[in-house]
Amino acid sequence: MSLPVIPAPVRFDRGAGQFTLRPGARVAFAAAEVAPIAERFCAEVTRRTGLRATPADGDPGPGEPAVRIELAAGADLAALPPPQGISPGGDGPADERYSLAIEDDRVVLRAAEPAGAARGLATFVQILAARPSPGGGELRVPCGRILDAPGYAWRGLSLDLARAFFTPGEVRRVIDLIALYKLNVLHLHLTDDQAWRLPAGRPASGREPGGACYSAEDLRALVGYAADRFVTIVPEIDMPGHALALAGIRPELDSGRNQVEVSSVPGHRHRAVWLDPQLPATFEVVSEVLADAAAIFPGQYMHIGGDEPYGMPRDLYASFVDRARRLVRSLGRRPLGWQETARAGLGPDDVIQYWLAGIALAASSPPQVRAQIDAELAASRRDVEAAVAASVPVIVSPARHCYLDVPYAEPSADPAQADRQARVGLPLYEPITLAESFDWEPAWVLGAGRAAHVAGVEAAIWAETISGFGDLSFLLLPRLPGIAHKAWAGPGAPGSRAVTWADHGDRLARHGRLWEQDDLEYFRAPTLNWL
Ligand code: TNX
């Protein structure tokens with residue numbers, strides 16, 4: 001049986017014998033920076049397995065500690081290549097490489113930096129928590145040696161907080177989940193036609209139309225919570241399209257020509273607003289919003305959206321995007337946009353996120369929707385050609401494989417899930433089986449010979465059909481860990497990291513136990529042998 005670790009590590013050599021974790025096991029470390037990571041690890045082990053583990057800093061006390069965490073760069077780690085792509089943190093990529101030696105009498109985790117130690121402990125948590133709970137007794141795991149490092153530097157999940165509102169506590173559960181699978185970016189889609197969730201941009205007066213929103217303190221606390229888990233929050237302020245909710249709270253944004261009735265990708269007609277760059281109020285509001293957002297989110301990247309600018313003349317779109325990018329740069333940040341932003345021209349400092357790729361439409365989609373999507377796919381292909389020609393890094397989020405709102409094709413093995421399954425997922429998309437959803441490689445997305453332009457991988461969950469956290473986790477699981485695997489495995493040497501669907505599916509089935517420990521609803525695919 002394979003090691004129940006997702007993403008699958010770069011290298012695993014099975015050893016002889018077993019390691020036994022006993023109640024009261026001590027987890028020793030010398031470096032003070034490791035303390036919060038070791039404490040979190042112990043709390044996780046105790047919570048998930050019932051077996052008490054305790055952190056021991058400095059002098060570990062009498063006898064050998066069960067687990068030792070060392071901040072050290074060994075030659076074995078140095079031999080692993082650095083990840084490809086752009087690093088979300090900004091100031092140089094965090095070193096996420098680690099080695100985990102599970103011996104019969106002890107476990108030693110080595111990493112050059114705390115980020116690597118955290119990734120290694122995520123691996124060890126999975127190994128321990130995927131075993132049947134010992135109910136407070138001893139826990140035995142097979143010996144072996146893992147050597148691991150990420151293949152792509154940017155590994156994210158985009159979360160739509162505009163179409164559905166999730167409490168800060170629920171967003172923290174999503175952060176916990178992505179950290180468990182070694183993703184390092186949470187991209188928050190905070191604004192859209194349906195809602196404006198930012199404190200920035202709201203009128204100063206007490207009345208606050210526009211539905212639930214986060215306070216600056218809520219968002220700062222989430223940034224800190226994520227940073228503790230080596231996850232960077234990238235805020236998205238979606239402009240110039242998708243701006244109906246902002247126009248609702250800032251009526252001065254009405255230019256008399258920027259309200260449109262659109263038929264968007266999901267095939268629904270709805271009202272939308274595009275921000276008019278020729279209206280002086282537009283950039284007063286936009287610069288205020290961007291400055292306020294920059295004061296909340298310290299990360300290097302700010303996502304300006306730029307998708308689906310329906311009804312907006314092309315020249316106005318280009319001038320809007322150009323100015324929004326300059327505003328972001330004037331705040332000392334780097335702008336990032338959906339692939340459509342390539343239509344405003346591209347400089348060496350731009351980054352685009354490619355989503356409109358490989359979409360398969362449901363057999364029932366009407367011919368006009370089909371024609372519209374075909375035209376958009378062709379335009380997005382040109383956007384990507386422009387990005388490749390300009391050597392601009394591309395984060396890949398091809399809808400068919402990275403959009404977690406594509407419906408599941410198989411009927412759930414649990415009849416109690418039938419109602420939820422019928423309700424969630426966009427009916428526009430052709431449903432996909434779990435096996436098909438795993439059958440892709442990020443390095444293929446831009447076409448042959450373009451693998452080096454892939455800067456990272458992002459999954460996305462859009463919330464048009466989601467009401468409540470149960471729906472959200474039902475769509476995240478079990479597909480998100482598969483995307484995390486592709487992102488971690490990276491472009492790699494063929495063969496060295498190739499994990500088949502059968503192997504991944506075997507690992508996934510054993511992760512059902514972890515999701516139950518987390519009280520997370522997941523789609524019970526009938527094709528996996530859930531425990
Ligand atoms: C396209 S992806 C959108 C979203 C929808 C999503 C539904 C993107 C940049 N725009 O507004 O929610 O499809 O899957």
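Please refer to the structure higher up on the page.
This text gives an overview of the structure that appears in the document. Since we're looking at a predicted model, the values are computed, not measured. (Residues numbered from 1 in each chain as written. Predicted model: local features only at pLDDT ≥ 70, side-chain atom pairs only at ≥ 80, totals over all residues. Heavy atoms only, no water.)

1. Examining the overall build of the protein
Broken down by element type, the protein carries 15 helices and 17 strands. The C-alpha atoms of the protein give 23 Å as radius of gyration, which agrees with the globular expectation for 531 residues (24 Å, within 12%). With the C-alpha coordinates aligned to their principal axes, the bounding extent of the protein is approximately 75 × 50 × 45 Å. In the protein, buried positions account for 58% of the 531 residues. For the protein, contacts bridging at least 24 residues in sequence account for 77% of all contacts bridging at least 6. Computing the positive centroid from 52 side-chain charges and the negative centroid from 64, the protein places the two 3 Å apart. (Helix = DSSP H or I, 4+ residues; strand = E, 2+ residues; numbered from the N terminus. Rg over C-alpha atoms; globule rule 2.2 N^0.38 Å. Buried < 20%, exposed > 50% of the residue type's maximum accessible area, 1.4 Å probe, protein only. Contact = heavy atoms within 4.5 Å. Lys, Arg positive; Asp, Glu negative; His and termini not counted. Charge placed at Lys NZ, Arg CZ, Asp CG, Glu CD.)

2. Details of the environment of Gly15
With respect to the helices and strands, Gly15 occurs in strand β1 (residues 11-21). Sequence separation between Gly15 and Glu103 is 88 residues; the distance between their C-alpha atoms is 7.8 Å. The contact partners of Gly15, leaving out residues within four places of it in the chain, are Cys143 and Gly144.

3. Observations regarding helix α15 (residues 501-517)
Here α15 contains 17 residues, and its C-alpha end-to-end distance of 25 Å stays within 8% of the 24 Å for a straight helix at 1.5 Å per residue. In α15, a bend of some 30° at Arg510 exceeds every other bend along the element. Listed as buried for α15 are His504, Gly505, Arg507, Leu508, Ala509, Arg510, His511, Gly512, Leu514 and Trp515. (Expected span 1.5 Å × (residues − 1). Bend = angle between axes of the 7 residues up to and from the residue.)

4. Brief notes about the site of the ligand
Inspection of the region around the ligand gives Arg163, His242, Asp307, Glu308, Trp338, Trp355, Tyr403, Asp405, Leu426, Tyr429, Trp462 and Glu464 as its neighbouring residues. At a separation of 2.9 Å, an oxygen atom of the ligand approaches a polar side-chain atom of Arg163. Separating a nitrogen atom of the ligand from a side-chain N or O atom of Asp307 is a distance of 2.9 Å. (Near = heavy atom within 4 Å. Polar contact = N/O pair within 3.5 Å; in protein donor to acceptor, adjacent residues only side chain to side chain.)

5. Quick word on the packing of aromatic side chains
Overall, the coordinates contain 15 aromatic pairs when judged by the stated rule. Between Tyr408 and Phe474, the aromatic rings sit 5.5 Å apart at their centres with planes inclined by 90°, giving edge-to-face as the arrangement. Placement of Tyr408 in the loop between α10 (399-402) and α11 (418-423) and of Phe474 in helix α13 (residues 469-476) is noted, with a sequence separation of 66 residues between them. By relative accessible area, Tyr408 is classed as buried at 6%. A relative accessible area of 0% places Phe474 in the buried class. Through pairs of rings, three or more aromatic residues link up here, namely Trp338, Trp355, Tyr403 and Trp462. Across from the ring centre of Tyr225, 5.9 Å away, lies the NZ or CZ of Arg172, which sits over that ring. For Arg323, the ring lying beneath its charged end belongs to Phe283, and the centroid distance is 4.2 Å. (Phe/Tyr/Trp six-rings, centres within 6.5 Å; stacked < 30°, edge-to-face > 60°. Lys NZ or Arg CZ within 6 Å of the ring centre and 35° of its normal.)

6. A short note on the side chain of Glu340
Among the structural elements, Glu340 can be located in the loop between β14 (334-338) and β15 (352-354). No salt bridge is formed by the buried Glu340; its nearest oppositely charged neighbour, Arg343, is found at 5.1 Å. Not counting residues up to four positions away in its chain, the partners in contact with Glu340 are Gly306, Asp307, Glu308, Tyr317, Trp355 and Asp383. (Salt bridge = Lys/Arg side-chain N within 4 Å of Asp/Glu carboxyl O.)

7. Considering helix α8 (residues 314-330)
Helix length check: α8, at 17 residues, gives a terminal C-alpha distance of 24 Å against a target of 24 Å (1.5 Å per residue), a fit within 8%. Taken together, the buried positions of α8 are Leu316, Tyr317, Phe320, Val321, Ala324, Arg325, Leu327 and Val328. Across the axial projection of α8, the buried residues extend over an arc of 160°, all falling on one side. Among the exposed residues of α8, those oriented more than 90 degrees off its buried face are Asp315 and Ser330. Those residues of α8 that are buried lie in contact with β10 (232-239), α7 (280-296), β13 (301-305) and β14. Positioned one or two residues after α8, Gly332 has a phi angle of 80°, which is positive. (Arc of directions from axis to C-beta.)

8. Quick look at the pairing of strand β11 (residues 259-263)
Only one face of β11 is buried: it carries Val260 and Val262, and the other face, with Gln259, Glu261 and Ser263, is open. When β11 meets strand β12 (residues 269-273), the two strands line up antiparallel, connected through five bridges. Its bridge partner lying in β12, Glu261 is registered against Arg271. (Pairing = 2+ DSSP bridges.)

9. A word on the pattern of salt bridges
On inspection of all chains with the given rule, the structure shows 38 salt bridges. In this structure, the salt-bridge partner of Arg48 is Glu44, at a minimum N-O distance of 3.0 Å. Of the two residues, Arg48 and Glu44 both sit in helix α1 (residues 35-49), four residues apart, roughly one turn of that helix. Across the pair Arg48 and Asp518 runs a salt bridge whose closest N-O atoms are separated by 2.9 Å. Of this pair, Arg48 sits in helix α1 while Asp518 sits in the segment after α15; the two residues are 470 residues apart in sequence, bridging distant segments of the chain. Asp518 carries the same exposure label as Arg48, and that label is buried. Residues joined in a network through salt bridges with shared partners are Arg325, Arg329, Arg334, Asp349 and Asp350.

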